[in-house]
Amino acid sequence: TGVATMKFKSPPVNSLSLDFLTEFCISLEKLENDRACRGVVLTSAIPKIFSSGLDITEMCGKSMEHYAEFWRAVQEMWLRLYGSNMVTVAAVNGSSPAGGCLVALSCDYRIMVENPKFSIGLNEAQLGIVAPFWFKDTFVNVVGHRVAERSLQLGSLHPTPEAHKFGLVDELVPEDKLQEKAAAVMAQWLALPDHARQLTKSMMRKAVLDRLVAHREEDVQNFISFISKESIQKSLRMYMEMLKKKK
Amino acid sequence: TGVATMKFKSPPVNSLSLDFLTEFCISLEKLENDRACRGVVLTSAIPKIFSSGLDITEMCGKSMEHYAEFWRAVQEMWLRLYGSNMVTVAAVNGSSPAGGCLVALSCDYRIMVENPKFSIGLNEAQLGIVAPFWFKDTFVNVVGHRVAERSLQLGSLHPTPEAHKFGLVDELVPEDKLQEKAAAVMAQWLALPDHARQLTKSMMRKAVLDRLVAHREEDVQNFISFISKESIQKSLRMYMEMLKKKK
Amino acid sequence: TGVATMKFKSPPVNSLSLDFLTEFCISLEKLENDRACRGVVLTSAIPKIFSSGLDITEMCGKSMEHYAEFWRAVQEMWLRLYGSNMVTVAAVNGSSPAGGCLVALSCDYRIMVENPKFSIGLNEAQLGIVAPFWFKDTFVNVVGHRVAERSLQLGSLHPTPEAHKFGLVDELVPEDKLQEKAAAVMAQWLALPDHARQLTKSMMRKAVLDRLVAHREEDVQNFISFISKESIQKSLRMYMEMLKKKK
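Small disclaimer: the values here were computed from a predicted structure and weren't measured.

(A) The interface of chain A and chain C, seen in detail. Each partner contributes to the interface: chain A provides 21 residues, whereas chain C provides 20 residues. Overall, the association of chain A and chain C removes approximately 1,800 Å² of surface from exposure, summing both partners, and the carbon and sulfur fraction of that is 65%. If you sort the residues of chain A by the area they bury against chain C, Arg-146, Gln-153 and Leu-154 of chain A come out on top, with a joint share of 38%. On the surface where chain A and chain C come into contact, there are 3 salt bridges. Among the salt bridges present, the one from Arg-150 of chain A reaches Asp-170 of chain C, with a minimum N-O distance of 3.0 Å. Between the two partners, chain A and chain C, sit 8 residue pairs in polar contact (both at pLDDT 80 or more). The element that contributes the greatest number of residues to the side of chain A that touches chain C is helix 5 (residues 145-154) of chain A, accounting for 8 residues.

(B) Looking closely at the interface of chain A and chain B. Each partner contributes to the interface: chain A provides 20 residues, whereas chain B provides 21 residues. Carbon and sulfur atoms supply 66% of the area buried between chain A and chain B, which totals about 1,800 Å² over both sides. At the junction of chain A with chain B, the criterion picks out 3 salt bridges. Here Arg-146 of chain B ties to Asp-170 of chain A by a salt bridge, and the two come within 3.3 Å at their closest N and O atoms.

(C) Structural detail: the environment of Val-103 of chain A. All names here are of chain A. By secondary structure assignment, the location of Val-103 is in helix 3 (residues 98-105). Since its relative accessible area comes to 1%, Val-103 is described here as buried. The spacing of Val-103 and Asn-222 is 119 residues in sequence and 21 Å in space, taken between C-alpha atoms. When sequence neighbours within four positions are dropped, the list of residues in contact with Val-103 reads Phe-8, Leu-16, Leu-42, Phe-50, Met-77 and Leu-81.

(D) Main features of the confidence of the model for chain A. Per-residue confidence for chain A gives a mean pLDDT of 97; residues scoring 70 or more make up 100%. Taken together, the chains of this predicted complex give a pTM of 0.97 and an interface ipTM of 0.96.

(E) Layout of the relation of the copies chain A and chain C. If you rotate chain A by 120° and push it 0.0 Å along the axis, it lands on chain C with an RMSD of 0.0 Å. Here the copies are linked by what is in effect a three-fold axis. Proximity to the rotation axis, assessed at the C-alpha, singles out Gly-144 of chain A in chain A; its C-alpha lies 4.3 Å from the axis.

(F) Broad picture of helix 5 (residues 145-154) of chain B. Residues and elements named next belong to chain B. Burial within helix 5 is extensive, with 9 of its 10 residues counted as buried. Turning to helix 5, its buried residues number three or more, namely His-145, Val-147, Ala-148, Glu-149, Arg-150, Ser-151, Leu-152, Gln-153 and Leu-154. Looking one or two places after helix 5, you find Gly-155, whose phi comes out positive at around 55°.

(G) Main features of the environment of Ser-96 of chain B. Residue and element names in this part refer to chain B. Tracing the backbone shows Ser-96 in strand 7 (residues 94-97). What makes Ser-96 buried here is its relative accessible area of 0%. Counting along the chain gives 104 residues from Ser-96 to Thr-200, while the straight-line C-alpha distance between them is 28 Å.

(H) Highlighting unusual backbone geometry. Cis geometry marks the peptide bond from Pro-11 of chain A to Pro-12 of chain A, where omega comes out at 5°. Tracing the backbone shows Pro-12 of chain A in the loop between strand 1 (3-8) and strand 2 (15-16). Residues other than glycine seldom take positive phi values, yet Ala-98 of chain B does so here, at roughly 45°. Position of Ala-98 of chain B relative to the elements: it lies in helix 3 (residues 98-105).

(I) Representation of the sheet that holds strand 10 (residues 158-159) of chain B. Residue and element names in this part refer to chain B. Strand order in the open sheet made by the 4 strands is 4-7-9-10, with mixed pairing throughout. The open sheet is flanked by strand 4 (48-49) and strand 10, the only strands paired with a single partner. By the bridge criterion, 2 bridges tie strand 7 to strand 9 (residues 119-121) in an arrangement that is parallel. Bridging across to strand 9, Pro-97 finds its partner in Gly-121. The sheet contacts of helix 3 involve strand 7 and strand 9, and relative to strand 7 the element is tilted by about 100°.

(J) Fine view of the pairing of strand 6 (residues 87-92) of chain C. All names here are of chain C. Counting buried residues in strand 6 gives 6 out of 6 residues, a clear majority hidden from the surface. Looking at chain direction, strand 3 (residues 39-44) and strand 6 are connected through 4 bridges and run parallel. Of the residues in strand 6, the one forming a bridge with Val-40 is Thr-88. Where strand 6 and strand 8 (residues 109-113) come together, 4 bridges link them in parallel fashion. Within strand 8, the residue paired with Ala-91 across the bridge is Ile-111.

(K) Representation of the packing of helix 2 (residues 64-82) of chain C against helix 8 (residues 194-214) of chain C within the structure. All names here are of chain C. Two elements in contact, helix 2 and helix 8, have axes separated by 10 Å at closest approach and are oriented at 165°. In terms of orientation, helix 2 and helix 8 fall into the roughly antiparallel class. The way helix 2 lies across helix 8 gives a crossing that is left-handed. Contacts from Gln-75, Trp-78, Leu-79 and Tyr-82 of helix 2 reach helix 8 at Lys-201, Arg-205, Val-208, Leu-209, Leu-212 and Val-213. Residue composition of the contact of helix 2 with helix 8, by class: 7 nonpolar, 1 polar and 2 charged.

(L) Region of the structure containing the sheet that holds strand 3 (residues 39-44) of chain B. Residues and elements named next belong to chain B. Here we have 5 strands laid out as an open sheet, ordered 1-3-6-8-11, and parallel in their pairing. Each edge of the sheet is formed by a strand with only one pairing partner; in this case those strands are strand 1 (3-8) and strand 11 (171-173). Neighbour-to-neighbour, the strand axes of the sheet open up by a mean angle of 20°, direction not taken into account.

(M) Main features of the pattern of salt bridges. Enumeration over the complete set of coordinates arrives at 51 salt bridges over all chains. Between Arg-205 of chain B and Glu-149 of chain C there is a salt bridge, with its nearest N and O atoms 2.6 Å apart. With Arg-205 of chain B in helix 8 (residues 194-214) and Glu-149 of chain C in helix 5 (residues 145-154), the pair connects residues from two separate chains. The exposure classification of Arg-205 of chain B matches that of Glu-149 of chain C, with both residues buried. We note a salt bridge from Glu-230 of chain C to Arg-237 of chain C, for which the minimum N-O separation is 2.8 Å. Within this structure, Glu-29, Glu-76, Arg-80 and Arg-216 of chain A form a network of salt bridges that share partners.

(N) Expanded view of the side chain of Glu-171 of chain A. All names here are of chain A. By the element assignment, Glu-171 lies in strand 11 (residues 171-173). The class for Glu-171 is buried, based on a relative accessible area of 18%. There is a polar contact of 2.5 Å between the side chain of Glu-171 and the side chain of Tyr-109.

(O) Examining the packing of helix 2 (residues 64-82) of chain A against helix 9 (residues 216-227) of chain A more closely. Residues and elements named next belong to chain A. One way to put it is that helix 2 packs onto helix 9 with a least axis distance of 9 Å and a crossing angle of 130°. When the interaxial angle is binned, helix 2 and helix 9 end up oblique. The handedness of the crossing between helix 2 and helix 9 comes out as right-handed. Counted together, Met-64, Tyr-67, Ala-68, Phe-70, Trp-71, Arg-72, Gln-75, Glu-76 and Leu-79 of helix 2 and Arg-216, Glu-217, Asp-219, Val-220, Phe-223, Ile-224 and Ile-227 of helix 9 form the full contact between these two elements.

Quick notes on the rules
Residues numbered from 1 in each chain as written. Chains lettered and ligands numbered in written order. Predicted model: local features only at pLDDT ≥ 70, side-chain atom pairs only at ≥ 80, totals over all residues. Heavy atoms only, no water. Contact = heavy atoms within 4.5 Å. Buried area = accessible area lost by both parts, 1.4 Å probe. Salt bridge = Lys/Arg side-chain N within 4 Å of Asp/Glu carboxyl O. Polar contact = N/O pair within 3.5 Å; in protein donor to acceptor, adjacent residues only side chain to side chain. Helix = DSSP H or I, 4+ residues; strand = E, 2+ residues; numbered from the N terminus. Buried < 20%, exposed > 50% of the residue type's maximum accessible area, 1.4 Å probe, protein only. pLDDT = per-residue confidence, 0-100. Least-squares fit on C-alpha atoms with pLDDT ≥ 70 in both. Pairing = 2+ DSSP bridges. Axes fitted to C-alpha atoms, helices over the stretch in contact; angles between N-to-C directions. Parallel < 35°, antiparallel > 145°, perpendicular 65-115°, else oblique. Left-handed = near helix turned anticlockwise from the far one by under 90°. Nonpolar A, V, L, I, M, F, W, Y, C, P; charged D, E, K, R; others polar.

See the structure below:
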């Protein structure tokens, strides 16, 4: 059918580790170069979580070189996904904070399972860190300036009905209808001629993609100098402690 | 009353042919220079269709010179209408695909007849072509980035209730109330002092207008090189065949 | 609690006079420099009016030097408020036209008293004047391009339900719940680490703030040459006469 499915399966919570990101980029590139593949559905093989976002262990107590390598992998993932020529549908079958939300935001269409326990949002501020400008640009493109401003400052994790109301997800479905719905949406998008659709997508996203490309190394340096601050390291360690206790 | 009405009457479907565009620009310029005229209502004299958009016969099997001349006329129409000093109200009394939708989007206010058979949208992608950046800019200014991105990629023709929900049209009315409503809206806008209203309008639209002015010749060349591709010509011929069979 | 309240009390209608603006900026700067203060609630001590906006007497029949001084004070107020490191909540307990609306728009969050007699909006066009580009930028950031374009051209004063529908205010409350609600919202925002919240806010607002900073003197000159036109002076005098008769 020309449609691939990428099922995230990196227990326990599909953190975007350096390994995960590297593998994700390789898989995406393969599909991108496969002329038989026109669309990809992103979903999770792990119950209740789509992706928990950037792996905090990659940002804590590591070397400057490691931070740089990690951040370049995060950038690369976004550049490839947001700029993909394929139709990309996020079938969000669990919570999706921070980098997990970015993955969903970078797709063409977001379907989320309606479940009072699931939430989605760029909650970086809650951890004492700041979403980079290209997370913000992607977010503003989806929900507009006002909602993005408030949500980013509050580090909000939106329950599914609110996420839908804001347009952060395009559609809510019961869990057992998710794959069927994703297939139907994909079929609708694939009914269009690839070439016109791709040029249109590129026209819509180019300004935001170009902005990171133009400031990529600067953005790496910003990340390193921010993340290696002792105050930030301390926040992240405390956050990890809290997560461990939660378990 | 200081209000003119331009009734499109170019059977069968008010296609924006070179002749139509030329006449439209001349009429608009006359009104613009007539100090007694402060507002114009755009509507159709043909049942069920506001305007079917750019005339495909002008883009098919013609010379490079013709394509250039045609495209400059399309640009000119938009620059004059989007930048008009008059109050411009679209009284959309029929379907309004592609360039027809652009005409409506370029007005200050859009009233559409509520009718399950009518639809409106920039459906270029369905024909295998791509709306130029200034169609896109105009569209984003009206419906925002997310809706524009999806609608343009899918080449969506929105039924009237959806068009209203997205803000693509400002108001829906029954067919027999359209002219009355257009007159009431016009009166509301004309109650404002012209000078302040015109400066405000110019402030809101200048960035997008300036962008085409700065890239006008480049945009003509892009159009020519795109439209004269054999693959695109083939798509357009197929589309015209399909339209003929429909009749 | 780290939260200050600024209660506007400049009878009869909290006009933004040069004195008011100067005092406002000094108070804001003091709070900004007070490390114990993390948030500020803006509200009015005068029944039924939040602020009536720029004081027209400052713009009428005065010297060029006075116009320049006044306009720099308006700019300064906005630069400080829109760029504040504190959490800023507008508790809008009365009507809020023009510059009063700008004050509210420049906060992080707007709560308004639900009252059929109250309205809010940038109604400059009704007075025959034009909101400057940075009023417009602030407005577009809150309500989006389409709503801003129409509202500014019509000089609309929106009743509270409409203001809420457009996102111009975030929440409506009965009068007796306003302070309680403002305190609750403030507590929610202050739960976030200041540093991350401030960097995020700055990232969201920097482009618009920088634009005025880069064109500040030009904007002063524009204001002077516009406001000192005889036609504009006449409009303002007529408007003041009308206000006097209303009383």
